[in-house]
Amino acid sequence: MVSIPCSGKIEAHHLLKTLAGGAQGVLILACAEKACQYLEGSSRSRKRVDYAREWLHKVGISAERLDFVRIPPMDRAALENLLREFIPKIQSLEVIPAIAKA
Amino acid sequence: MIVATLKEIDEIRKMIDRYDSVLVVGCDSCVAECAAGGSRETMLLASALKLSYMKDHQNPTITEAVLDRQCVDDFIDQIANQVPDHEAILSLGCGAGVQALARVYRDKPVIPALNTLFIGETQSRGVWQENCLGCGNCKLGFFGAVCPVARCSKKLMNGPCGGSKGGRCEVHPEISCGWDLIIRRLDALGELDRLTEYVPPVDWSTSHSGGPRKVIREDQQP
Ligand code: SF4
Ligand code: SF4
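Residues numbered from 1 in each chain as written. Chains lettered and ligands numbered in written order. Predicted model: local features only at pLDDT ≥ 70, side-chain atom pairs only at ≥ 80, totals over all residues. Heavy atoms only, no water.

Novice: Help me get a handle on the overall build of chain B, residues and values and all.
Specialist: Tallying secondary structure elements over chain B gives seven helices and seven strands in all. Reading the secondary structure of chain B in the N-to-C direction produces β-α-β-α-α-β-α-β-α-β-β-β-α-α. Taking 2.2 N^0.38 as the reference for a compact globule, 222 residues should give roughly 17 Å; the C-alpha atoms of chain B span a radius of gyration of 22 Å, well beyond that estimate. Over its C-alpha atoms, taken along the principal directions, chain B stretches across nearly 65 × 45 × 25 Å. Counting the 222 residues in chain B, one finds 41% classified as buried. (Helix = DSSP H or I, 4+ residues; strand = E, 2+ residues; numbered from the N terminus. Rg over C-alpha atoms; globule rule 2.2 N^0.38 Å. Buried < 20%, exposed > 50% of the residue type's maximum accessible area, 1.4 Å probe, protein only.)

Structure below.
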């Protein structure tokens, strides 16, 4: 789990680097659009995740590996439910082979 | 600044697939501002290339580096210790950056990752507008600092064509009519009289049409 002050800080290069570094999927949790403390962060992050997905599509990797969900902060039950769905979904995809050299 | 866009990854891969190790080099000046070739895009492209090769069960070495400016030797030298470990360089600089790297690292193939487009400005976040063609004889003083060469589709120097509608260009309605902008701005400045001065047809010999150009300043040389 990586915490950041606002989902609006996430950009496509962070997500692709995480996958290229060995992660099989990334679940991005953002606040509801209208609840964003920084006003536009949550709507920006949505666009950036979509852009990262376009790149996955270009390189022939399932865009499902990146999921973007808006949930209320501190809602543990909602988070647990999300993970219960997300993890098996990623596990059902063919593993991205690891790269040996940096 | 120079405005560019990233090439499609398939095109880049066709050029670099033959190498086992590639140094991906960004430029943190103009092409960072237009979100095509700065640190972020270098990380994005290097990661996308890794994923693309991983998916194909291939394993080339892909290393990231970013220069503050890719068209000046003092900065280019900063990757001197990384270059020998790689078979080729993939440059996210503009065309000038790619060629400067190739001049300095003579024994390395240098492949462009960008399409270099134009001299322009950041008009708003995520919007870049062409506004100078580098004609070599700037006449902006006559035109309220709006360039008819770059911003009028017909490059008219002596007034609008007459086809402009609602401030849009008749050739490309998605852009503002350059002449509409010129007249409105001069009017607002109270300088419409500038347009009564005769501006001769553009002498293209000072532009790229006169052949490749070079500026030499002895006072700046060692
Ligand atoms: S007049 Fe020439 S130099 Fe001046 S902005 Fe236009 S194209 Fe550029
Ligand atoms: S509509 Fe305006 S910008 Fe377009 S060609 Fe005519 S004068 Fe030039």
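Novice: So what about the site of ligand 2? Which residues, and what values?
Specialist: Residues and elements named next belong to chain B. Taken together, Cys152, Ser153, Lys154, Pro160, Cys161, Ser164, Cys169, Glu170, Cys177, Gly178 and Trp179 make up all the residues around ligand 2. Among the cavities detected, the one that contains ligand 2 is the largest cavity. Looking at the shell around ligand 2, its residues break down into six nonpolar, three polar and two charged. (Near = heavy atom within 4 Å. 1 Å grid on protein atoms, 1.4 Å probe; cavity = no way out; pocket = protein on both sides within 12 Å on 5 of 7 lines; lining within 4 Å. Sits in = over half its atoms within 2 Å of the grid points. Nonpolar A, V, L, I, M, F, W, Y, C, P; charged D, E, K, R; others polar.)

Novice: Run through the site of ligand 1, naming residues and quoting values.
Specialist: In the vicinity of ligand 1, the contacting residues are Asn131, Cys132, Leu133, Gly134, Cys135, Cys138, Lys139, Leu140, Cys147 and Val149 of chain B. Here the residues of the shell around ligand 1 are counted per class, giving seven nonpolar, two polar and one charged.

Novice: Please provide a residue-by-residue account of empty space enclosed by the protein, values included.
Specialist: All names here are of chain B. With the rule as written, the count across this model stands at one cavity of 30 Å³ or more. Surrounding the largest cavity, 17 residues form its lining, Cys152, Cys161, Cys169, Glu170 and Cys177 being those nearest its centre. When the residues that make up the lining of the largest cavity are grouped by side-chain class, the tally is seven nonpolar, six polar and four charged. (Points joined across faces, edges and corners; volume = space filled by probe spheres on them.)

Novice: Hey, could you go over the pairing of strand S6 (residues 114-124) of chain B for me, with residue numbers and the actual values?
Specialist: Residues and elements named next belong to chain B. Inspection of the sheet shows strand S1 (residues 2-6) paired to S6 by five bridges, in the antiparallel sense. Of the residues in S6, the one forming a bridge with valine 3 is phenylalanine 118. Judged from the five bridges that link them, S6 and strand S7 (residues 127-132) form a sheet pairing that is antiparallel. For serine 124, the partnering residue across the bridge sits in S7 and is valine 127. Where S6 folds back on S7, the antiparallel hairpin that results is connected by two residues, among which glycine 126 adopts a positive phi of roughly 80°. (Pairing = 2+ DSSP bridges.)

Novice: An account of the packing of aromatic side chains is requested, with residue identities and associated values reported.
Specialist: Under the defined criterion, the tally for this structure stands at three aromatic pairs over all chains. Pairing tyrosine 51 of chain A with tryptophan 55 of chain A gives two aromatic rings, centres 6.5 Å apart and planes at 85°, and the pair type is edge-to-face. Linking tyrosine 51 of chain A with tryptophan 55 of chain A, this pair stays in helix H2 (residues 41-59), spanning four residues, or about one helical turn. Aromatic pair phenylalanine 142 of chain B and phenylalanine 143 of chain B: ring centres 6.2 Å apart, planes at 55°, arrangement tilted. (Phe/Tyr/Trp six-rings, centres within 6.5 Å; stacked < 30°, edge-to-face > 60°.)

Novice: A description of the pattern of salt bridges should follow, citing residues and the corresponding values.
Specialist: Residue and element names in this part refer to chain B. Inspection of the entire model under this criterion finds 18 salt bridges over all chains. Close ionic contact of arginine 13 with aspartate 17 constitutes a salt bridge, the shortest N to O distance being 3.0 Å. Judged by relative accessible area, arginine 13 falls into the buried class, the value being 10%. Its salt-bridge partner being arginine 217, residue aspartate 219 comes within 2.7 Å of it at the nearest N-O pair. Look at arginine 217 and you get partly exposed, because its relative accessible area is 45%. (Salt bridge = Lys/Arg side-chain N within 4 Å of Asp/Glu carboxyl O.)

Novice: With reference to specific residues and values, describe the nonpolar core.
Specialist: Counting residues in hydrophobic clusters, the biggest one holds 48 residues, and the most contacted among them are Ile16, Leu45, Leu49, Leu51 and Leu90 of chain B. The dominant element in this core, judged by the number of residues it contributes, is helix H3 (residues 39-55) of chain B, at eight residues. (Core = buried A, V, L, I, M, F, W, Y, C linked by side-chain atoms within 4.5 Å.)

Novice: A description of the sheet that holds S7 of chain B should follow, citing residues and the corresponding values.
Specialist: All names here are of chain B. Spatial strand order, S1-S6-S7: three strands in an open sheet with antiparallel pairing. The open sheet is flanked by S1 and S7, the only strands paired with a single partner. Averaged over neighbouring strand pairs, the angle between their axes works out to 70° when direction is ignored. (Axes fitted to C-alpha atoms, helices over the stretch in contact; angles between N-to-C directions.)

Novice: Could you give me a rundown of the interface of chain A and chain B, with the residues and numbers involved?
Specialist: Taken together, the 23 residues of chain A in the interface contact 22 residues of chain B. On the surface where chain A and chain B come into contact, there are three salt bridges. Of the charged contacts, one joins glutamate 11 of chain A and arginine 40 of chain B as a salt bridge, the two residues approaching to 2.8 Å between their closest N and O atoms. The interface formed by chain A and chain B contains three residue pairs in polar contact (both at pLDDT 80 or more). Contributing elements (two or more residues each) for the side of chain A that touches chain B: helix H1 (12-20) and H2 of chain A. Per-element tally for the side of chain A that touches chain B: the top contributor is H2 of chain A, with seven residues. Looking at side-chain class alone, the side of chain A that touches chain B contains 15 nonpolar, two polar and six charged residues. (Contact = heavy atoms within 4.5 Å. Polar contact = N/O pair within 3.5 Å; in protein donor to acceptor, adjacent residues only side chain to side chain.)

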